[in-house]
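These are the residues of each chain, in order.
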Amino acid sequence: MKCDFHTHTVFSDGLVWPNIRAQEAWEEGLDAMALTEHIEYHPHKDYVEVNHNRSHELIENLSKRNNVLLIKGTEITRQTPPGHFNAIFIGDASSYIEDNVSEKDWKAVMKAADQNAFIFWNHPGWKPNIEGSYEWLPFLEDLRKKNALHGIEVINGFGFHMKALDWCVDKGLTVMGTSDIHNLVGHDYDRSRKYVHRTMTLVMAKERTPESIREALDAGRTVAWASKYLAGKEENVKNLFNACVKLMPSHYSQEKNGVRTNFYEIQNKSDLYFELELTSGKGTQKITLYPMSSQLLSAEAGQQSLSYDVTNAYVRSDKFLNISFSL
Ligand SMILES: [Zn+2]
Ligand SMILES: [Zn+2]
């Protein structure tokens, strides 16, 4: 399921009315979204009432009509470090703490934890010049131990926070990708170009319901997707790849200088883009799998398998997904 759980409207520092977010989500084929207004920051407050529940309420019916699942959320905006946190699946947001002095950081996040929200750390590398802003601080570890931190934004908009992918893998946190969109989606992303779309989280939910999304988020079954790039835990990225790409039985064979070569069709039945580079075996060196397309793969006869790195899919900051095709 295509999900974006980090967006803003004029009810915090976004530039659009909530309806626009709902219509964009429908137009882009999202399955689920959340409006996550800053609790502490309301630059339009002279014109738009400060009400932490209001933007969500305004598009509840429209989202239902559009068949987009609207998950209630907010952005808890603390000083950096520790930075910003998104909480989704929240309850009433009216009692959240607006004062962002650091002494209240813990209490501010705990408001969401007390409501059994799903909480993730936003854009960890967004202010690299501030000491401690891109480090796994004790504050974060304490939140994690209290079951008050469940994921990290590995990709926020156009920012890829590589260290966050390793933290998610090593600490059992969920990989998130979000747009953090403030302007029109069509302003920030040139959607007339191929492979360009808002950054989002692909959630492997069992059913298309909020409960199933929550179950998958809690279980960590996600992959972050930003234009051509994928990032996630190995198991999830591999499952996603295998659900999209299929190697067909060999349809042709030829012999040249005593070497027999078999030809296969490799099919990509998804919206995703994949680049493959051979890592073991004798066969086609590089394959680009465009969305909804097939390519030819050739392999010397007599081999059991070929292995490839998927060079646009990260499973750690320094590691691509490696897949193997049985021949
Ligand atoms: Zn933020
Ligand atoms: Zn934000």
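Residues numbered from 1 in each chain as written. Chains lettered and ligands numbered in written order. Predicted model: local features only at pLDDT ≥ 70, side-chain atom pairs only at ≥ 80, totals over all residues. Heavy atoms only, no water.

## Focus on the coordination of the zinc ion (ligand 1)
Phase 1 of the analysis: Coordination of the zinc ion (ligand 1) by the protein is provided by Glu75 (OE), His84 (ND1) and His123 (NE2), with metal-donor distances spanning 2.0 to 2.2 Å.
Phase 2 of the analysis: Read in sequence order, the donor residues for the zinc ion (ligand 1) give the motif E-x8-H-x38-H.
Phase 3 of the analysis: Separating the zinc ion (ligand 1) and the zinc ion (ligand 2) is a distance of 3.5 Å, and Glu75 donates to both of them. One end of the pair, His84, is in strand β5 (residues 84–88); the other, His123, is in the loop between β6 (118–121) and α5 (138–145), and 39 residues separate them in sequence. Taken individually, His84 and His123 each receive the classification buried, so the pair is uniform in this respect. (Donors = N, O, S within 2.8 Å, 3.2 Å for Na, K, Ca; no water. Helix = DSSP H or I, 4+ residues; strand = E, 2+ residues; numbered from the N terminus. Buried < 20%, exposed > 50% of the residue type's maximum accessible area, 1.4 Å probe, protein only.)

## Section: the pattern of salt bridges
Phase 1 of the analysis: Scanning the entire structure with this criterion turns up 20 salt bridges.
Phase 2 of the analysis: In this structure, the salt-bridge partner of Asp105 is Arg78, at a minimum N-O distance of 2.8 Å. A residue pair is termed long-range when its members are at least 10 positions apart, and Asp105 in helix α4 (residues 105–114) and Arg78 in the loop between β4 (73–77) and β5 qualify at 27 residues.
Phase 3 of the analysis: A cluster of three or more residues bridged by salt bridges with shared partners is formed by Asp4, Glu28 and Arg198. (Salt bridge = Lys/Arg side-chain N within 4 Å of Asp/Glu carboxyl O.)

## Topic: the domain arrangement of the protein
Phase 1 of the analysis: By the assigned domains, the protein splits into domain 1 (2–232) and domain 2 (244–326).
Phase 2 of the analysis: For domain 1 versus domain 2, the distance between C-alpha centres works out to 36 Å.
Phase 3 of the analysis: Counting residues at the interface gives 15 residues for domain 1, matched by 12 residues for domain 2.
Phase 4 of the analysis: Where domain 1 abuts domain 2, roughly 1300 Å² becomes buried across the two surfaces, and 58% of that area is made up of carbon and sulfur atoms.
Phase 5 of the analysis: For the domain 1 face of the interface with domain 2, the top three residues by lost area are Tyr195, Lys228 and Leu230, together amounting to 40%.
Phase 6 of the analysis: Where domain 1 touches domain 2, the interface holds 3 salt bridges.
Phase 7 of the analysis: Close ionic contact of Asp166 with Arg316 constitutes a salt bridge, the shortest N to O distance being 3.5 Å.
Phase 8 of the analysis: Viewed at the interface, domain 2 and domain 1 are joined by 7 residue pairs in polar contact (both at pLDDT 80 or more).
Phase 9 of the analysis: No other element matches helix α6 (residues 162–171), which puts 5 residues into the side of domain 1 that touches domain 2.
Phase 10 of the analysis: In the side of domain 1 that touches domain 2, the residues fall into 10 nonpolar, 1 polar and 4 charged. (Domains from an automatic or database assignment. Contact = heavy atoms within 4.5 Å. Buried area = accessible area lost by both parts, 1.4 Å probe. Polar contact = N/O pair within 3.5 Å; in protein donor to acceptor, adjacent residues only side chain to side chain. Nonpolar A, V, L, I, M, F, W, Y, C, P; charged D, E, K, R; others polar.)

## Some words on α5
Phase 1 of the analysis: Every buried residue of α5 is accounted for by Phe139, Leu140, Glu141 and Leu143.
Phase 2 of the analysis: Along its buried surface, α5 packs onto β5, α4 and β6.

## Here we look at empty space enclosed by the protein
With a probe scaled to a water molecule rolled over the atoms, the places where space remains empty come into view.
Phase 1 of the analysis: Under the defined criterion, the tally for this structure stands at 2 cavities of 30 Å³ or more.
Phase 2 of the analysis: Size it by volume and the largest cavity reaches roughly 60 Å³.
Phase 3 of the analysis: In terms of lining, the largest cavity is formed by Phe11, Glu37, His38, Ile39, His42, Val50, Asn51, His52, Asn53, Arg54, Ser55 and Thr74.
Phase 4 of the analysis: Tallied by class, the residues present in the lining of the largest cavity amount to 3 nonpolar, 7 polar and 2 charged.
Phase 5 of the analysis: Roughly 30 Å³ of volume is contained in the second largest cavity.
Phase 6 of the analysis: Around the second largest cavity sit Leu35, Glu37, His52, Ser55, His56, Gly73 and Thr74, which together line it.
Phase 7 of the analysis: Those elements that provide at least two residues to the lining of the second largest cavity are α2 (54–58) and β4.
Phase 8 of the analysis: Split into classes, the residues belonging to the lining of the second largest cavity amount to 1 nonpolar, 5 polar and 1 charged. (1 Å grid on protein atoms, 1.4 Å probe; cavity = no way out; pocket = protein on both sides within 12 Å on 5 of 7 lines; lining within 4 Å. Points joined across faces, edges and corners; volume = space filled by probe spheres on them.)

## Describing the layout of surface pockets
Phase 1 of the analysis: What the largest pocket holds in volume is close to 180 Å³.
Phase 2 of the analysis: At the level of secondary structure, the elements contributing two or more residues to the lining of the largest pocket comprise β10 (200–203) and α9 (234–244).
Phase 3 of the analysis: For the lining of the largest pocket, the per-class residue count stands at 9 nonpolar, 1 polar and 3 charged.
Phase 4 of the analysis: Two domains each donate at least three residues to the lining of the largest pocket, and these are domain 1 (2–232) and domain 2 (244–326).

## Focus: helix α8 (residues 210–219)
Phase 1 of the analysis: Within the span of α8, buried status applies to Ser212, Ile213, Arg214, Ala216 and Leu217.
Phase 2 of the analysis: Looking one or two residues beyond α8, the residue adopting positive phi is Gly220, at roughly 80°.

## Remarks on the packing of aromatic side chains
Phase 1 of the analysis: Scanning the model with the defined rule gives 17 aromatic pairs in all.
Phase 2 of the analysis: Through pairs of rings, three or more aromatic residues link up here, namely Trp121, Tyr134, Trp136 and Trp167.
Phase 3 of the analysis: Above the ring of Tyr134, the side-chain terminus of Lys163 is found at 4.4 Å from the ring centroid. (Phe/Tyr/Trp six-rings, centres within 6.5 Å; stacked < 30°, edge-to-face > 60°. Lys NZ or Arg CZ within 6 Å of the ring centre and 35° of its normal.)

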